[in-house]
Amino acid sequence: MNKHFLNNYRLKVAFHIGVWLVLIVVYAWLFMPLYGNLGISFLRGLGNLLPMALLFYANLWLVERYFEKNHYVQFLLWATLLMLGIAAIRINLNDFFPPIRPSTVILSEGNKWWAGAILTNILTLLVSTFYQILEIRFRHEQQNLAIISKQNEAQLQFLRAQINPHFLFNTLNNIYSLAVVRSPQTADMVMQLSKLLRYVVYDSKAEQIPLETEISHIEQYLQLFRMRSETPLNITFKIDGHIEGARLEPMLLIPLVENCCKHADFELNETAFIQIELRVEKGWLQFKTRNSKDDVQHVQKDDVGGVGLDNLRQRLALLYPAAHQFDVQDQANTFEVNLKLKL
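What counts, and where the lines are drawn
Residues numbered from 1 in each chain as written. Predicted model: local features only at pLDDT ≥ 70, side-chain atom pairs only at ≥ 80, totals over all residues. Heavy atoms only, no water. Helix = DSSP H or I, 4+ residues; strand = E, 2+ residues; numbered from the N terminus. Buried < 20%, exposed > 50% of the residue type's maximum accessible area, 1.4 Å probe, protein only. Contact = heavy atoms within 4.5 Å. Areas by Shrake-Rupley, 256 points an atom, 1.4 Å probe, with all protein chains shown as cover. Pairing = 2+ DSSP bridges. Axes fitted to C-alpha atoms, helices over the stretch in contact; angles between N-to-C directions. Salt bridge = Lys/Arg side-chain N within 4 Å of Asp/Glu carboxyl O.

Engineer: Any chance you could break down the overall build of the protein chain for me, citing the residues and the numbers?
Structural biologist: Within the protein chain, the regular secondary structure consists of 9 helices and 7 strands. Split into buried and exposed, the 343 residues of the protein chain put 37% on the buried side. In the protein chain, the proportion of contacts linking residues at least 24 apart, taken out of those at least 6 apart, comes to 72%. Taken as a whole, the protein chain presents about 20,200 Å² of accessible surface, with 62% of it coming from carbon and sulfur.

Engineer: Just give me the short version of helix α7 (residues 254-263), but keep the residues and values in it.
Structural biologist: In terms of burial, α7 is a largely internal element, 9 of the 10 residues being buried. When we look at burial in α7, the residues that qualify are I254, P255, L256, V257, E258, N259, C260, C261 and H263.

Engineer: Hey, could you go over the sheet that holds strand β4 (residues 274-281) for me, with residue numbers and the actual values?
Structural biologist: In spatial order, the strands read β2-β4-β5-β7-β6; together these 5 strands make up an open sheet with mixed pairing. With partners counted over all chains shown, the strands left at the sheet margins are β2 (235-241) and β6 (324-330), one partner each. Between one strand axis and the next, the sheet turns through 5 degrees on average, direction left out of account. One ladder, built from 9 bridges, connects strand β5 (residues 284-292) with strand β7 (residues 334-342); its direction is antiparallel. Bridge pairing in β7 places S292 opposite T334. Sheet strands touched by helix α6 (residues 211-226): β2, β4 and β5. Its angle to β2, the strand with the most contacts, is close to 170 degrees.

Engineer: With reference to specific residues and values, describe unusual backbone geometry.
Structural biologist: Of note, N70 is a non-glycine position whose phi angle comes to about 65 degrees, a positive value. Note that N70 resides in the loop between α2 (38-65) and α3 (72-94). With a phi close to 55 degrees, K282 is a non-glycine residue in the positive phi region. Position of K282 relative to the elements: it lies in the loop between β4 and β5. Relative accessible area serves as the criterion here: at 77%, K282 is assigned to the exposed category.

Engineer: So what's going on with the pattern of salt bridges? Residues and values would help.
Structural biologist: The tally for this structure, following the rule as stated, stands at 9 salt bridges. The salt bridge involving K12 is made with E135; its shortest N-O contact spans 2.6 Å. Remark: E135 occurs in helix α4 (residues 109-180) and K12 occurs in helix α1 (residues 3-35); sequence separation between them is 123 residues. Of the residues examined, K12 reaches a relative accessible area of 35% and is grouped as partly exposed. Note that E336 and R290 form a salt bridge whose closest N and O atoms lie 3.5 Å from each other. With E336 in strand β7 and R290 in strand β5, this residue pair connects regions lying 46 residues apart in the sequence. Looking at E336, the relative accessible area reads 13%, which means it is buried. Through salt bridges that share partners, D240, R279 and E281 make up one connected network.

These values are about where atoms sit, not about what they do.
Here it is in structure tokens:
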């Protein structure tokens, strides 16, 4: 049995027992002057409230069995029979106790007990019915939330699975470009890739990781990208704010960096650049990427395919549904992405 469910079940049982004990004590205290003896008042309270408890919990089953399935006639019939049966039990039990003082009797003894038993039983039925209806509604809502949660988790796992081969594919392309020209940096690039793959394979399975870890692997990825060029590349990565203790979904920022590296026009443009800014302020992470691009080259690369930005949009919608902003500005010669999310 699920531990969380077991704890909730025990709490619910304790609550119900506590409510009935309080009612018995209140009954004994309020009616003690009528009986002239606290002990008799307490026993009479047990004799009345225990059958009412039976009525309460039996009616829960009736609500589940008939009312919730729209069998209202059967529900009313069985509830009425149950109510009258419990009323008869209570009246017979009251016959074992001394009568109430004559000064308190308004109706005849028999009529008074029947009227009181029926009225309190009807009240018990109403409370029991409303309680069970609310309980069923809450249970259905929890079941629906659990189904949605499982669906979201399955979708998230699928999106994460897409990221890993996409990441590997782009990085292997970089290594291949060096291997073709037999660059001495190929070995170092493979070593950097092994570090990044360790992050992709192991760290990315966690629900959240320290922001410092994501930043470290962004820096490794940029270093890996720089190795493919024999000349220095205009790539800047600025970090500001208090990043210590901040946590986020793994591999949430690297796809934006990949996108910059994929579409920046370093091969054709001497003034090409990549600008990356990360800032943490008042519990919010602001991540901005901006790169130069060539429209012709940009279209050609998009034709090859990719899941980066679309994948990220879906992950953000699942993980930070009401706590993020994602803005893309695709201009003639630059491409800019602004991400803001609540940590």
